[in-house]
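Here is what each chain is made of, one letter per residue.
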Amino acid sequence: MRLVDSHCHVNADRFDTDVGEVLERARKAGVERVLVPGWNVRSVERALELAGEHPWLDASVGVHPHDAAKVDDAGWTGIAATARDDAVVAIGETGLDYDRVFSPIPEQLTNLRRNLALAHDTAKPAILHCRSAAGRRDGQDALLGELRAAGVGTASWAAAFGDRPAAVIHSFSGPVDYAQAVLDLGLAISFSGLVFRRGEEPSRDVVGFVPAARLLIETDSPFLAPPGAPRSRNEPEWVRVTAAWAADARGADPVTLGDGFVEAYDRTFPRARPRP
Ligand SMILES: [Zn+2]
């Protein structure tokens, strides 16, 4: 089965000593595409460095909701300046986190808005994190409101993106009607090991109806280890566990589904530089 990891932070310090071996294990497991998202100034620099050292990797640049209040205007300007780099295929990770609220919500909203504006201006899709506290959906509802207010789904975004998704809901979490609403806006949805956690049961229904062209999988390494992966540090090779879950939930042939993941990845994140 061909695999992609549409979201893994191998730019995190925890991979500094052995990132080459981690990527080699991913390759051997069938992972053909890897996207490394930055979340603040330092991790953006490291994502770009890794994409330079390992040309098969893709990078994305942006500011995570957890860091919204920590990245100042100069930091943002520096990050935004890297968005047109050939190694950069997306903007983020950004979004809203109404669960942990490591940055105050007004700062999260300001941060999300400027990341979305950068996605529109560069025609590179936004990668969106969205979480609410257990049993709640205020984060998801706020994100939908922000996407609509930014004009996602209107002619201005269609002019930039054509029929490509303008954003990816990464590490999907939320109710079924929220998934329907983001699909109605033309977005892609990516599933991680989060689907195995309690409270995330709707994901099994959602993965059943996401169109193959907009269906992605990821690990969100080093976080969200699926069953069988070391809880201390998830790695891209473990994306195969979530891929098998998706095949089962969709009643899909794994080989066909794997081809679909690679096609959806390449369609969502077109590359400026040739693939090695
Ligand atoms: Zn992430």
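So, how was this worked out
- For every chain, the first residue of the written sequence is number 1, and numbering continues from 1 along that sequence.
- In keeping with the predicted nature of the model, local features appear solely for residues at pLDDT of at least 70, side-chain atom pairs appear and are counted solely at 80 or more, and the whole-chain, interface and lining totals rest on all residues.
- By convention in this description, side-chain values take in all heavy atoms of the structure and omit both hydrogens and water.
- Every helix listed is a DSSP run of H or I at least four residues long, and every strand listed is a run of E at least two residues long, numbered separately from the N terminus.
- Two things to know: the radius of gyration comes from C-alpha atoms, and the globule rule equals 2.2 Å times the number of residues to the power 0.38.
- Exposure is judged per residue with a 1.4 Å probe applied to protein chains only, and the accessible area is read against the type maximum: over 50% gives exposed, under 20% gives buried, and values in between give partly exposed.
- In this description, contact between two residues means that some pair of their heavy atoms is separated by no more than 4.5 Å.
- Note on areas: Shrake-Rupley with a 1.4 Å probe; residue coverage comes only from the protein chains shown.
- Here the positive residues are Lys and Arg and the negative ones are Asp and Glu; neither His nor the chain ends is included.
- In this description, the location of a charge corresponds to atom NZ of lysine, CZ of arginine, CG of aspartate or CD of glutamate.
- Any nitrogen, oxygen or sulfur atom within 2.8 Å of a metal ion counts as a donor, with the limit raised to 3.2 Å for Na, K and Ca, and since water is left out, coordination shells can look unfinished.
- Key to geometry: four donors with every angle between 85 and 135 degrees are tetrahedral; four donors are square planar and six octahedral where opposite donors lie over 155 degrees apart and all remaining angles lie between 65 and 115; all other sites are irregular.
- For Phe, Tyr and Trp, rings pair up if their centres lie within 6.5 Å, where Trp contributes its six-membered ring, and each pair is then called stacked (planes under 30 degrees apart), edge-to-face (over 60) or tilted (otherwise).
- By definition, being over a ring means that NZ of Lys or CZ of Arg is both within 6 Å of the ring centre and within 35 degrees of the ring normal.

Caption draft 1: Representation of the overall build of the protein within the structure. Broken down by element type, the protein carries ten helices and eight strands. Relative to the globule expectation of 19 Å for 276 residues, the C-alpha radius of gyration of the protein, 17 Å, shows essentially globular dimensions. Judged by the C-alpha coordinates and their principal axes, the protein covers about 40 × 40 × 35 Å. Each of the 276 residues in the protein was classed as buried or not, and the buried ones make up 59%. Contacts in the protein between residues far apart in sequence, at least 24 positions, make up 76% of those at least 6 positions apart. In the structure as shown, the protein presents an accessible area of about 10,800 Å², 52% of it carried by carbon and sulfur atoms. Counting 31 positive and 39 negative side-chain charges, the protein places the averaged centre of each group 1 Å from the other.

Caption draft 2: Seen up close, the environment of glutamate 107. Along the chain, glutamate 107 falls in helix α4 (residues 105–122). Under the relative-accessibility criterion, glutamate 107 is labelled partly exposed at 35%. Sequence-wise, glutamate 107 and glycine 162 are 55 residues apart; in three dimensions their C-alpha atoms are separated by 31 Å. Setting aside residues up to four positions removed in sequence, glutamate 107 forms contacts with Ala68 and Ala69.

Caption draft 3: Just the coordination of the zinc ion, in detail. Only His7 (NE2), His9 (NE2), Glu93 (OE) and Asp220 (OD) from the protein coordinate the zinc ion, and they sit 2.1 to 2.4 Å from it. For the zinc ion, the four donor atoms in the first shell make angles of 81 to 172° at the metal, a pattern classed as irregular. Along the chain, the residues that donate to the zinc ion are spaced as H-x1-H-x83-E-x126-D. With glutamate 93 in strand β4 (residues 88–97) and aspartate 220 in the loop between β8 (215–217) and α9 (239–250), the pair connects residues that are 127 residues apart, well separated along the chain. The exposure class of glutamate 93 is buried, given its relative accessible area of 2%.

Caption draft 4: Structural view of the packing of aromatic side chains. Across all of its chains, the model carries six aromatic pairs by this definition. Between tryptophan 157 and phenylalanine 161, the ring centres sit 5.8 Å apart and the planes meet at 10°, which makes this aromatic pair stacked. One end of the pair, tryptophan 157, and the other, phenylalanine 161, are both in helix α6 (residues 155–161), four residues apart, so they sit about a helical turn from each other. Grouping residues by exposure puts tryptophan 157 and phenylalanine 161 together as buried. Through pairs of rings, three or more aromatic residues link up here, namely Phe172, Tyr178, Phe191, Phe196 and Trp245. The ring of tryptophan 56 carries the charged tip of arginine 27 above its face, separated from the ring centre by 4.1 Å. Between arginine 240 and the ring centre of tryptophan 238, over which it is positioned, the NZ or CZ distance is 4.7 Å.

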